[in-house]
Amino acid sequence: MLLMQGYRFVPRRWRRSGSDVFELRLLGERVICVHGPDAARLFYDPQRFERAGAAPRRLQKTLLGAGGVHGLDDAAHRARKRMFMDLMTQRRIDELVALTRREWLDALPSWSRRDRVVLFDEARVVLCRAICAWAGVPLPERDVRRRADDLTAMVDAFGAAGPRHWRGKAARRRCEAWIEAVVDDVRSGRLDVSEEQALDRIARFRDVGGQPLDRRVAAVEVLNVLRPTMAVAYFVVFMAIALHEQPDRARRLRAGDDEDVERFVQEVRRYFPFTPFLGARVRSGFDWQGHRFDEGTLVLLDVYGAHHDGRVFGSPGVFDPDRGPAAGDSGFELIPQGGGGFRDGHRCAGEWITIALMKTVCRLLTGAMTYEVPAQDLAPDLRRIPPKPRSGFAISHVRASASTLD
């Protein structure tokens, strides 16, 4: 049913149940689903939940890899998470933004010479070049598109069965072998990278026992920097859809300030589907809202449904950047990349990067270039996880704007 209904699978059962706590079966397992800000606050209580064993093997074989930070708890998780958060300084984020902007502007002349450009495909290439340079991962020009394809295939396998899943598994194997070799080069001294870069930090990281990461786990963690950044390409398409459907908004953003752009980006993250739900297992049994949560039970936090809950976001089916944050936003209302705190919790370490890159690309789409959008079906398929228009958002007559050429 999940494969048939996609993003509607959990929200439909939430509405049918009439409760923010309800049960279903997923892949043959009894699962408890929770919904809403109070549920998110509960879900991120480390005394109640753990991540070890929560991710299905099919996700470890494609999206996440095995042994990475997503599946750790307690001191091991805090130490590994701190490694990632130490990369997220404002200066380093600004450097990634500058790399991305430069790569985008460098690509514009090539796009302008083509009759048709698929924005999703080209955004992936831009992001792949930028994140590899930022992380310190060597990327010869001849390898750019195949690495971008593989990193995207791992993301695209989330929620998939059949060929998409198989492609994701094969891509994961190739990418881990690639990065394992790069990690070996750093550790042996054959490759010199800055100690500020993710590749060096991860290759030389020591866990709570003082041991370096296994080379495969180190590769998984480097990919946990590269792969999520590639996922921003889906949000690039969502932003382009919103700008196309609201041309007045696009004109406003072209002349708008940072606050306008920030509100637009956050509404894209709320309105459009990406993460359908998040999972954890009950650490020790407890009761909540009249329901029993037994030890070891898999619990899913409804993300897509929560972002379309009228109790939290008024008129949730309307794309409206002017709505601002949810009333009383506490870090548990808007949760496309998890909720709660960053440094010690399981909220995505790269969320600040996602927002910064989205804001940058929004300014590029509205101010650095002009283009036309030929007729095509732009509706994301809610049965597909993750979704995107079948066309990938095709554009034509791409030109750098006059201000960009100055």
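Because the structure is a prediction, the values reported are computed rather than measured.

### Description of the nonpolar core
Stage number 1. W104, L226 and F264 are the most contacted members of the largest nonpolar core, which has 103 residues in total.
Stage number 2. Among the elements that take part in this core, helix α12 (residues 232–245) stands out by supplying 12 residues, more than any other.
Stage number 3. Beyond its immediate sequence surroundings of up to four residues, F264 is in contact with M239, A242, L243, R249, L253, F319, P321 and C362.
Stage number 4. Counting residues in each nonpolar core, the second largest holds 19 residues, with V21, I32, V282 and I335 among its members.

### Quick look at the packing of aromatic side chains
Stage number 1. For the structure shown, the criterion picks out 17 aromatic pairs.
Stage number 2. Arranged with centres 5.7 Å apart and planes meeting at 40°, the rings of F43 and F49 form a pair that is tilted. Summarising the burial analysis for this pair, F43 and F49 share the class buried.
Stage number 3. Measuring from centroid to centroid gives 5.5 Å for Y271 and F319, while their planes differ by 80°, and the two rings are edge-to-face. Of the two residues, Y271 sits in helix α14 (residues 258–271) while F319 sits in the loop between β8 (298–302) and α15 (351–368), which places them 48 residues apart along the sequence.
Stage number 4. Looking at F319, the relative accessible area reads 11%, which means it is buried.

### Some remarks on the environment of V220
Stage number 1. Along the chain, V220 turns up in helix α11 (residues 215–230).
Stage number 2. For V220, a relative accessible area of 0% gives the class buried.
Stage number 3. C-alpha separation for the pair V220 and L64, spaced 156 residues apart in sequence, amounts to 7.7 Å.
Stage number 4. Residue contacts for V220: discarding those within four places in its chain leaves L64, G65, A66, G68, R172 and E176.

### With respect to the pairing of strand β1 (residues 21–26)
Stage number 1. Note: β1 against strand β2 (residues 29–34), 6 bridges, orientation antiparallel. Its bridge partner being in β2, E23 is matched across the sheet by I32.
Stage number 2. Here β1 folds back onto β2, and the loop between the two strands holds 2 residues, one of which, L27, carries a positive phi near 55°.

### Points about the side chain of E221
Stage number 1. Looking at the secondary structure, you find E221 in helix α11.
Stage number 2. Once residues lying within four places of it in the same chain are set aside, the contact partners of E221 are G67, G68, V69, R80, F84, I202 and L213.

### Focus on unusual backbone geometry
Stage number 1. The peptide bond linking I385 to P386 adopts the cis configuration, its omega dihedral lying at -5°.
Stage number 2. In this fold, P386 is placed in the loop between β9 (369–372) and β10 (394–400).
Stage number 3. Although it is not a glycine, D74 sits at a positive phi angle of roughly 60°.
Stage number 4. Along the chain, the position of D74 falls in helix α5 (residues 74–85).
Stage number 5. We note that H397 has phi near 50°; this positive angle belongs to a residue other than glycine.

### Focus on the pattern of salt bridges
Close approach of charged atoms lets side chains of opposite charge pair.
Stage number 1. One pass over the full model with this rule turns up 44 salt bridges.
Stage number 2. With a shortest N-O distance of 2.8 Å, R190 and D185 are connected by a salt bridge.
Stage number 3. With relative accessibility at 59%, the residue R190 sits in the exposed group.
Stage number 4. Salt bridges linked by common partners bring R249, R252, E259, D260, R263 and D322 together as one network.

Criteria and cut-off values
Residues numbered from 1 in each chain as written. Predicted model: local features only at pLDDT ≥ 70, side-chain atom pairs only at ≥ 80, totals over all residues. Heavy atoms only, no water. Core = buried A, V, L, I, M, F, W, Y, C linked by side-chain atoms within 4.5 Å. Buried < 20%, exposed > 50% of the residue type's maximum accessible area, 1.4 Å probe, protein only. Helix = DSSP H or I, 4+ residues; strand = E, 2+ residues; numbered from the N terminus. Contact = heavy atoms within 4.5 Å. Phe/Tyr/Trp six-rings, centres within 6.5 Å; stacked < 30°, edge-to-face > 60°. Pairing = 2+ DSSP bridges. Salt bridge = Lys/Arg side-chain N within 4 Å of Asp/Glu carboxyl O.

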